[in-house]
Amino acid sequence: MFAVILAAVAAVLAAAAYLFLQRRYSTWKRKGVPGPPASFLSLSVPKVWLGQESMGDVTDRIYQEYRDCPVAGTYMFGNPLLHLHDPEIIKQVLIKEFQDFSGRGVSTIGKDADPLASHLFFLGGTAWKNLRVKLAPTFTSGKIKYMFETIRQSSYQLSDYLDERIAAGGGAHCEDARPLMMRLFVDTISSVAFGIESNVVKNPQSEFYTAAKKAVEPSVSNALRSLLAMFGREIQQVFQVRSTNRETTKFFTEVVRESIEYRENKKIDRPDMLNLLIQLKNRGFVDADKADKDSTATRQEPAGNSIKLTTNDIAAQVFVFFIAGFESSSGSTSFTLYELAKQPKLLERVHQEVDQVLADHDGKITYEAIMSMPYLEMCINETLRMYAPLPFISREAMVTRKVPLTELTVEKGTRLLIPVRALHYDPVYWPDPYKYDPERHTPDKKATRPTAAYLPFGDGPRICIAGRLGMVQVKTALVRLLSKYTVSVGDNEPDKVPINPRSFATTPDIPLNVTFRPRRPADGIQKRHQSVASG
Ligand code: HEM
């Protein structure tokens, strides 16, 4: 009898679960939103779960299949996702109607269990808004100018390293540009964030590099963590899945705690990010930069936002600056070098511009000099089109409301996906999209495209908080390298770089082998102190 009751209860529960999921998986059909047929028996997109296809690949595929539909619907872990395809709708969601779509759509298992997850990129609602206002003054152009010397020094360490390798290699050195640039930017960001000289370019064994690599390595477990945080809230909560692995959490929380204690005990006041974050811990706001003309810099602390950061909050922000800072900048620099190495005519034009501008600035790499190189900037912009670090960005509906410019109502909590990479390859906006062509980024050409056809930094109030810093880092590294070296690739490089499907960000699935040769004989033997002295 007991067994019969048990079987009956199990059957009722199974039927209820079936009906619940069936209803969930028919959300878009009921609302008349086009999209691939879905059923929970198909487990949504199992290739993504298994690391065989990235979420960026999915957004690309849906865009290609439903290009002419302003929106399309899919599911992930049973949650409905709305893909926005129409640039005007995207613009409204990101900018004009932002207040109703301000969430990132990421869930976490709480500050205590996952201390590194309460960072700006993940937060939503009021917590995000308050933190964004607090952190914005950290990235004004005044603060970046302050950090510039550190950024420049790291680029000299890189050229010192290459000089040594070139001398040892008899006049040329070939290396995978991606890990090389990852090492450079771990150096830069550990210096800019903590004032710690890790010199990872020379010493790849550094614990900073190991921790940073571990956090972003394209692995099934990292891909699953991100997927669950973005689209699988229920499973994440049940299994208490953290956004980062245990070692990474331990490393960043300890380094930050020790650095803060050291600085406070010794009363050290350094011009770096940690110093600004310590101000947020002790006072709740950062001093505005009086010399800075940015609107964010002169913004006063709003009433009711004097909440102070905790040490763990600081660790979470340092972690996201670290990861976002080195991942996106290293990708942008290595892909630019690789593409220029493949196209000697474009490389020649960059060489000419760099030589001319440096000559106009007494041979010195200054902030003003790197800001006066429009062609180099066009090249980086083209790299960011073809290899946008984030292939899609997300938003969450904060209220139940209509999607702008449509009659479609989405419930509070619905995730919206903006297919950045797919838009960057749409031939309607970008003819011959697989061709690396910096000329697409002249002001005239730009004026002919919808703004949402190009979103490497996102857009609206949630745009990348440190895009300017990222560009300065990338330009400084490229100017240092291309003022000294010429770059080339072998004959068998593929036309199209395959992208790693286990990585959330855009990571090449092949080595980006670039050969560096001195442009002038003296460049191969120049010593660091000489180069620093000459700027
Ligand atoms: C070439 C360099 C970079 C690119 C292409 C890039 C791209 C992006 C994109 C696409 C977003 C999402 C924006 C959106 O949702 O609308 C973002 C957000 C963010 N980025 Fe960057 N990024 C770069 C450099 C950096 C650097 C150097 C840092 C820190 C040191 C950084 C920190 C952040 C943070 C904290 C956010 C979250 C902002 C928020 O949600 O309010 N990024 N970035």
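Residues numbered from 1 in each chain as written. Predicted model: local features only at pLDDT ≥ 70, side-chain atom pairs only at ≥ 80, totals over all residues. Heavy atoms only, no water.

In the nomenclature of an unreviewed UniProt entry, the protein is known as Cytochrome P450 6k1 of Frankliniella fusca. Regarding the protein, the relevant UniProt record gives this comment under Cofactor (unreviewed entry): "heme". (UniProt positions renumbered as here; feature names shortened; annotations may be inferred.)

Trainee: I'd love a proper account of the site of the ligand, names of residues and values included.
Mentor: With respect to spatial proximity, 27 residues lie near the ligand, and among them Arg 104, Arg 132, Arg 395, Arg 462 and Cys 464 are the closest. Within the contact set of the ligand, an oxygen atom lies 2.8 Å away from a side-chain nitrogen or oxygen of Trp 128. For the ligand, an oxygen atom lies 2.8 Å from a polar atom in the side chain of Arg 462. Those elements that provide at least two residues to the shell around the ligand are α6 (125-135), α15 (311-342), β4 (393-396) and α21 (467-484). For the shell around the ligand, the element with the highest residue contribution is α15, accounting for six residues. Looking at the shell around the ligand residue by residue, the class counts come to 17 nonpolar, five polar and five charged. (Near = heavy atom within 4 Å. Polar contact = N/O pair within 3.5 Å; in protein donor to acceptor, adjacent residues only side chain to side chain. Helix = DSSP H or I, 4+ residues; strand = E, 2+ residues; numbered from the N terminus. Nonpolar A, V, L, I, M, F, W, Y, C, P; charged D, E, K, R; others polar.)

Trainee: Can you break down the pattern of salt bridges residue by residue, with the values?
Mentor: According to the stated counting rule, one finds 22 salt bridges in the structure shown. One salt bridge connects Glu 53 with Arg 61, and the closest N-O pair in it is separated by 3.0 Å. Within the structure, one salt-bridge network assembled from shared partners comprises Asp 57, Asp 60 and Arg 421. (Salt bridge = Lys/Arg side-chain N within 4 Å of Asp/Glu carboxyl O.)

Trainee: Residues and numbers for the sheet that holds strand β7 (residues 415-418), please.
Mentor: Within the open sheet, the four strands sit side by side as β1-β2-β7-β4. Their pairing is mixed. With partners counted over all chains shown, the strands left at the sheet margins are β1 (71-76) and β4, one partner each. Here the average twist between neighbouring strands, direction ignored, is 30°. Inspection of the sheet shows strand β2 (residues 79-84) paired to β7 by three bridges, in the parallel sense. What sits directly across from Leu 82, in β7, is Leu 416. (Pairing = 2+ DSSP bridges. Axes fitted to C-alpha atoms, helices over the stretch in contact; angles between N-to-C directions.)

Trainee: Just give me the short version of the pairing of strand β3 (residues 173-176), but keep the residues and values in it.
Mentor: The side-chain alternation of β3 yields one buried face, formed by His 173 and Glu 175, and one unburied face, formed by Cys 174 and Asp 176. The pairing of β3 with strand β9 (residues 513-518) spans four bridges and is classified as antiparallel. If you follow His 173 over to β9, its bridge partner there is Phe 516. (Buried < 20%, exposed > 50% of the residue type's maximum accessible area, 1.4 Å probe, protein only.)

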